[in-house]
Amino acid sequence: MKGRRGGEEEIEEVLASKKVISREEWEKKLNDVEIRKEDMNKLVMNFLVTEGYVEAAEKFWTESITEHIDLTMITDRMAVKKAMQCGNVDHAIEKVNDLNPERLIELIHNGKVEEALEFAREELAQRGEENQGFLEELERTVALLIFEDVTNCPVGELLDISQRLKTSSEVNAVILTMVIRKTKAKKASHHLDCIFE
């Protein structure tokens, strides 16, 4: 309990050190800022994509002429999120693997060509038939096998550390979603317990 109280005190100190401005000051500052229409469109599109509103994002894209985004990835990402929220971790992990053939990349990176081909054929080929976006990623990844020197490969960036960082960020986001959901559920349960005591 002492550690928790210390954390609450730290939060209170941070909040106390923040400058507080009035609503009128805030509105004046907002009115003084010029926001370009394309920036606002990007912001709206980012929200729609992040929150998984595929149909709205498609419609907004055609009307706003914003940068094209692969909307199939939204559906896939939302499937991972939904699986995690329902507590179906195995399905979520399977979906993450569908979105990113990281294991195949690592096999290729380690020079295990035969194992990589077998894994692609046994585990990934069917997923490619079911999901066009995944098929494109799979084709890009398998292209690594064509080149002896991957530094000259057009998709050589797949073997870069940035690819691992991207994958770990995606997995981390899924885990964070699950943790936040559990935390909210615990708080709601606690509030209900307090009400009914």
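Anything mentioned here points back to the structure above.
Everything quoted here is computed from the prediction, not taken from an experiment.

(A) Here's a closer look at a nonpolar patch on the surface. Among the surface-exposed residues, V33, I35, M40 and L43 lie close enough to one another that they form a single nonpolar patch of about 380 Å² accessible area. Checked against the element boundaries, M40 lands in helix α3 (residues 37–51). On the basis of relative accessible area, M40 is assigned to the partly exposed category, the value being 35%.

(B) Local environment of the packing of aromatic side chains. Counting across every chain of the model gives one aromatic pair. Arranged with centres 6.0 Å apart and planes meeting at 35°, the rings of F47 and Y53 form a pair that is tilted. A residue is classified by how much of its surface remains accessible, and F47, at 47% relative accessible area, is partly exposed. Look at Y53 and you get partly exposed, because its relative accessible area is 43%.

(C) Inspection of the pattern of salt bridges at higher detail. Per the counting criterion, the structure on display carries six salt bridges. Of the charged contacts in the structure, one is a salt bridge between R36 and E38, with a shortest N-O distance of 3.2 Å. Here the salt bridges share partners, and the residues they tie into one network are R36, E38 and D39.

(D) Region of interest: helix α4 (residues 54–64). All of the buried residues in α4 are A57, F60 and S64. Around the axis of α4, the buried residues are gathered within 70° of arc, so they sit on the same side. Turned more than 90 degrees away from the buried face of α4 sit E55, K59, T62 and E63, all of them exposed. Packed against the buried residues of α4 are α3. With its phi angle positive at about 55°, I65 sits one or two positions after the end of α4.

The rules behind the values
Residues numbered from 1 in each chain as written. Predicted model: local features only at pLDDT ≥ 70, side-chain atom pairs only at ≥ 80, totals over all residues. Heavy atoms only, no water. Patch = residues over 30% accessible without salt bridge, like charges linked within 9 Å, V, L, I, M, F, W, Y side chains within 5 Å. Areas by Shrake-Rupley, 256 points an atom, 1.4 Å probe, with all protein chains shown as cover. Salt bridge = Lys/Arg side-chain N within 4 Å of Asp/Glu carboxyl O. Helix = DSSP H or I, 4+ residues; strand = E, 2+ residues; numbered from the N terminus. Buried < 20%, exposed > 50% of the residue type's maximum accessible area, 1.4 Å probe, protein only. Phe/Tyr/Trp six-rings, centres within 6.5 Å; stacked < 30°, edge-to-face > 60°. Arc of directions from axis to C-beta. Contact = heavy atoms within 4.5 Å.

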